[in-house]
Amino acid sequence: MDGWIIVKKTIFHIVILLTIFLTTLPGCGNAFEMAGQMVTWSDFNYIKYVSSSIYHAYFVTTDGIISYNKLEQRWDEPLTGSIGLDDRSIDKLWADKFGDKLYISTDRGYFEYDSFFEKWYSLIDLPDFQREFKHVTPPEMMFPPPGYLYDDRGILDDPISRKFEFSDVVDDLSGYLWIGTWGMGAARARTGEKRIELMPYGLIQNGVGTIYNDSGLLWIGGPLGFSTRSGLTRFDPDENEFDYVESGLDNFFPPADINCLAPYKNYMLIGSSRGLYYLNTESDRIEMHLDVSDKLADDNLLALVPFGDSVFVGTEYGLNLLVGEPPEISYVWPNEFLNRRVYDLELVGDDLWIAASNGAYRLNLVSGGLQRFQDPGNRLFGEIYDLELWENYLWFATNDLIMRLDLESGETEPYQLLTTSFRPRKIAANDRIAAVTADDGVTLFFLDRDPVFDRTFSIEDGLPSNTVYELELDGDFLWVGSDRGLTRFWWNNPNRVD
């Protein structure tokens, strides 16, 4: 009996120790979240604080921490997506000499970063450590990039006379000044030469409403926010590099909500709230603009599908067909679609599938015949927000369900959504999952499980926002576009507990 009492006490002590260990982990409510689950790229152009170690320069932005690898001369992935801490709350960052320890100051106090768990531990006070930098005032004399002007007060004027103030400057004591600006991102200069080198990184604006994957290169656009700058972002995830096609620099490409993108010949077509723009991808110049004055059904474009020498255009108030260059514009089935929203278009062989505010349709491009699609349960009525083609399956997204259609057999499979949405649904699917936007983040249906089940991922799981606009599957990852940036979500993480 005494031996059994000893065993019970031992088990009790082990449970107590394990409980203490788990509750001391940062974000203990999400103790099983794996490293690399969520990483977010945002508008990192507004910098609050700069820091440095021997190997890295760190920039605290209004949307999280970014770091530049000095030895390899490249950006690391941002320190965003960590559980239990709002990236916007970070005010300052300090690194020890070799960058092994990172400490931050927030409105909730001090935290230390754990690179293994990708989480932050709360601290009472900052520890003593050796710092390899010093803050300095902006130099009176610096040499700006071509087309820019420098004010000795630490202000950079761009070619259209916008002013970007230096928010912080750090001397890393090894030959470089690292500069944070308010609106133009990070910059650097050799201490001896003082030539300013801009270092673009992140999105040009936070809102991500559309993503086009061009063989790995992501074209990103979205709704206008409160950023000083706007336009298209091009992101190469493999190289972790960004460049921009900025709007508002001239009258040819004014600021507008960018709703859809599609490649056409040597152009990238930009469907916006101000019409259709033809961007020459070789020169990065807008070569043509079409709107209602050119007989488009509406200025607010929602969907684009190129087809040979033609382009189908879905708008807020109807469906257009553009043929040739310069295009001849005509209405497609005006009796059915005039004054109707055309949310999405999907080309499947000789058929154009149409998601509209009055249902789902199939237009045969050979005969010109139009047929409204009705599923056996008559569940697809009213507004159809999105279409997604995966192999021989076509998916539909409505306010309260998603549906999979087998294009060969005609069989349908509905999946009920438990909540309604105040925004048009977007869907991304493959043979294993179907992801759909929700008011509280993203809902994943695991199709390869028996029975099929769903789980919703939100800011509690590392998303920067629950306001999600766009989804794009890319192998083991799901790109999530929200009002706070672009998130790479590792949906196929084998270690995640669902």
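Just so it is clear, the model here is predicted, and its values are computed rather than measured.

Reading the values: the criteria
- Residues numbered from 1 in each chain as written.
- Predicted model: local features only at pLDDT ≥ 70, side-chain atom pairs only at ≥ 80, totals over all residues.
- Heavy atoms only, no water.
- Helix = DSSP H or I, 4+ residues; strand = E, 2+ residues; numbered from the N terminus.
- Buried < 20%, exposed > 50% of the residue type's maximum accessible area, 1.4 Å probe, protein only.
- Polar contact = N/O pair within 3.5 Å; in protein donor to acceptor, adjacent residues only side chain to side chain.
- Contact = heavy atoms within 4.5 Å.
- Pairing = 2+ DSSP bridges.
- Axes fitted to C-alpha atoms, helices over the stretch in contact; angles between N-to-C directions.

Participant: Got a minute to help me understand the side chain of Thr61 in this structure?
Facilitator: Locating Thr61 in the fold gives a position in strand E3 (residues 56-61). Under the relative-accessibility criterion, Thr61 is labelled buried at 0%. Reaching out from Thr61, the side chain makes a polar contact with the backbone nitrogen of Asp63 at a distance of 3.0 Å.

Participant: Would you take a moment to explain the environment of Tyr469 for this structure?
Facilitator: When you line up the elements, Tyr469 lands in strand E41 (residues 468-474). Tyr469 gets classed as partly exposed once you look at its relative accessible area, which sits at 26%. Each C-alpha atom, one on Tyr469 and one on Arg190, is 41 Å from the other, the two residues being 279 residues apart in sequence. Apart from residues lying up to four places away in sequence, Tyr469 is in contact with Val208, Gly209, Pro223, Arg423, Lys426, Thr437, Gly481, Ser482 and Asp483.

Participant: Help me understand the sheet that holds strand E25 (residues 301-307) in this model?
Facilitator: Backbone-to-backbone hydrogen bonds join strands into a sheet, with any given pair of strands oriented parallel or antiparallel. Strands sit in the order E25-E26-E27-E28 across an open sheet of 4 strands; the sheet is antiparallel. Only two strands of the sheet have a single neighbouring strand rather than two, namely E25 and strand E28 (328-331). Across the sheet, the axes of successive neighbouring strands diverge by a mean angle of 20 degrees, strand direction being ignored. Relative to strand E27 (residues 318-323), strand E26 (residues 310-315) is paired through 6 bridges, and the arrangement is antiparallel.

Participant: Please explain the sheet that holds strand E36 (residues 412-416) as it appears in this structure.
Facilitator: With antiparallel pairing, 4 strands are arranged side by side in an open sheet as E33-E34-E35-E36. Of all strands in the sheet, those bounded by a partner on one side alone are strand E33 (386-390) and E36. Pairwise comparison of adjacent strand axes, ignoring direction, gives a mean angle of 20 degrees for this sheet. The pairing of E33 with strand E34 (residues 393-397) spans 5 bridges and is classified as antiparallel. Note on E34: the bridge partner recorded for Trp390 is Tyr393.

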